[in-house]
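Architecture and fold: a report
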Amino acid sequence: MAERAPRERAKDFNPVTLGYTKEEAAREAARCIQCKKPLCVDGCPVGIRIPEFIKKLAEEDYAGAVRILKDKNDLPAICGRVCPQETQCEALCVLGKKNQPVAIGDLERFVGDWAIGSAMSASDTVSKQKMFEGRKAAVIGSGPAGLTCAGNLARAGVDVTVFESLHLFGGVLRYGIPEFRLPGRIIESELRYLKNMGIHFVSNVLAGRTISVDEIMKEYGLVFIGTGAGLPKFLGVPGENFNFIYSANEFLVRINMMHAFDFPNYDTPIYVGKKVAVIGGGNTAMDAARSALRLGAQEVTLVYRRSENEMPARRVEAAHAREEGVKFMMLTQPVEFLGNEKGFVRAMECVRMELCREGDDSLRCASSPSSDSHFIIPVDMVIVAVGLLPNPVVPSLTPELKTDAHGYLVIDSDFMTSVPGIFAGGDIVGGDTVIEAMGMAKKASEGMLRYLSGEK
Ligand SMILES: Cc1cc2nc3c(=O)[nH]c(=O)nc-3n(C[C@H](O)[C@H](O)[C@H](O)COP(=O)(O)OP(=O)(O)OC[C@H]3O[C@@H](n4cnc5c(N)ncnc54)[C@H](O)[C@@H]3O)c2cc1C
Ligand code: SF4
């Protein structure tokens, strides 16, 4: 897929990748050999009928391709941009054994974008069932898990209301992933489609505080919790409270949700240093590093304690970050932040790490400090992106909901929590990616329908 030149794109928040033309999409679709037993489908957590949508695409029946995609996935233009297809459907594509697998994600994006461009609405694709008409459900959280659950329940005829604590809907899609990877207009369009299905969206409601989960349950009788993992982890090393040490979440929320990327149209306060260090190796770290560059940092260094092979970020995002000028400092761990007399960070003391090859998981094996390898890196801003913990608001204010030792909601095989009628899915139960959250929410919605019909 065509991309903008790294030097040009690293200066703005416009999309990095440009999408397929019709001809490119047709060429790629024609590579699919329409396997009788399509392994690619096994790799898709929401079970998209991949060869069928690709066939329609090859036949230039775009509306037909949209119908097949939307039958299993309400967010194709989003998933086509951010899902790690390389470790899921594409990883199982038979063509990948000898050659490049079919670029399923890029084709999905093409079809999703075509649906948006042609203003296809839910009434063109969804036939609502009547079985659950008159039944109600509430969804707490509007990330990919909440949206997927809401869509599936609405299809079954349930009257669904989504409650979101923030002023905009979409969860991490909105506040975490930057415009240059996932433009806000794409999220808006996919949301419009869900609204056309009759789903009600209510913003600025912090479930647990504004209204208790108990009250929501009394009103709706059926609840899905998809409140995600929005609690940033920190390193817990001395000096982490110096000024200009951000959590990646705060940095990205200011940029994406509060429009700091759109200066001077929005005058959102954000500081970006000249020498920035980003700690971490996941998608969040890449997004923070690339955003800092775009906001004018002169040097951005990604500091990760393992090697590049172990980085959890998508390969393509790491490659894009490197092309744009982000420096990678691997096998390095900060052990202390040093500040100036005014309380602002000025340097990081780090230690070199080495990979331990012994544990039972050699891919993500633990790393241990080598002796005598301390060194100092001068910095004037640090972004900590070392992971997220489950959002504690709902569990802490709803003690009947059981959590595990890490704060994730405990669920059964139907994704029902310890409270009958309250289900959960996505990062709040331990997911890690958009499509995983959607897959869980799909299963939860099936459990919820079984609950409504008295089977559970
Ligand atoms: C910066 C970043 C980049 C990422 N990049 C990728 C990527 O490229 N590909 C990928 O597959 N995954 C990526 N991920 C991970 C992915 O975004 C998450 O796994 C996914 O969004 C989880 O979905 P969710 O619906 O469970 O939770 P979330 O997306 O976190 O949504 C939860 C929603 O619930 C709301 N909420 C929380 N508490 C309450 C409450 N009490 N009342 C009402 N609403 C509440 C929150 O405001 C939020 O809108 C990224 C994550 C981050 C942080
Ligand atoms: S495995 Fe690959 S070639 Fe086979 S149907 Fe799926 S996408 Fe097409």
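Shown above is the structure to which this text applies.
As the structure is a computational prediction, the values presented were derived from the model and not from experiment. (Residues numbered from 1 in each chain as written. Chains lettered and ligands numbered in written order. Predicted model: local features only at pLDDT ≥ 70, side-chain atom pairs only at ≥ 80, totals over all residues. Heavy atoms only, no water.)

Our next topic: the environment of Phe 224. Locating Phe 224 in the fold gives a position in strand S4 (residues 223–225). The class for Phe 224 is buried, based on a relative accessible area of 0%. Expressed as a C-alpha distance, the spacing of Phe 224 and Ile 140, which sit 84 residues apart in the sequence, is 6.1 Å. The contact partners of Phe 224, leaving out residues within four places of it in the chain, are Ala 138, Val 139, Ile 140, Ala 145, Gly 146, Cys 149, Phe 423, Ala 424, Gly 425, Ala 441, Ala 444 and Met 448. (Helix = DSSP H or I, 4+ residues; strand = E, 2+ residues; numbered from the N terminus. Buried < 20%, exposed > 50% of the residue type's maximum accessible area, 1.4 Å probe, protein only. Contact = heavy atoms within 4.5 Å.)

This next bit is on unusual backbone geometry. With omega at 5°, the peptide bond leading from Phe 263 into Pro 264 counts as cis. Tracing the backbone through its elements, the reader meets Pro 264 in the loop between helix H14 (248–257) and strand S7 (275–279). Phi at Phe 244 takes a positive value of approximately 70°, unusual for a residue other than glycine. Following the sequence through the fold, Phe 244 ends up in the loop between strand S5 (231–232) and strand S6 (245–247). Here Phe 244 falls in the partly exposed class, since its relative accessible area comes to 26%.

Turning our attention to the site of ligand 2. The full set of residues close to ligand 2 is Cys 32, Ile 33, Cys 35, Pro 38, Cys 40, Pro 51, Cys 93, Val 94, Val 102 and Ile 104. Taken together, the residues that form the shell around ligand 2 break down as 10 nonpolar, no polar and no charged. (Near = heavy atom within 4 Å. Nonpolar A, V, L, I, M, F, W, Y, C, P; charged D, E, K, R; others polar.)

Before going further, it helps to examine the site of ligand 1. In the vicinity of ligand 1, 37 residues are found, and the nearest of them are Val 82, Glu 164, Arg 181, Ala 207 and Asp 427. At 3.3 Å from an oxygen atom of ligand 1 is found a main-chain nitrogen or oxygen belonging to Pro 144. The contact in question runs from an oxygen atom of ligand 1 to an N or O atom on the backbone of Asp 432, over 3.3 Å. The residue makeup of the shell around ligand 1, split by class, is 18 nonpolar, 14 polar and five charged. Structurally, the shell around ligand 1 is a two-domain feature, drawing no fewer than three residues from each of domain 2 (129–230 + 390–452) and domain 3 (232–384). (Polar contact = N/O pair within 3.5 Å; in protein donor to acceptor, adjacent residues only side chain to side chain. Domains from an automatic or database assignment.)

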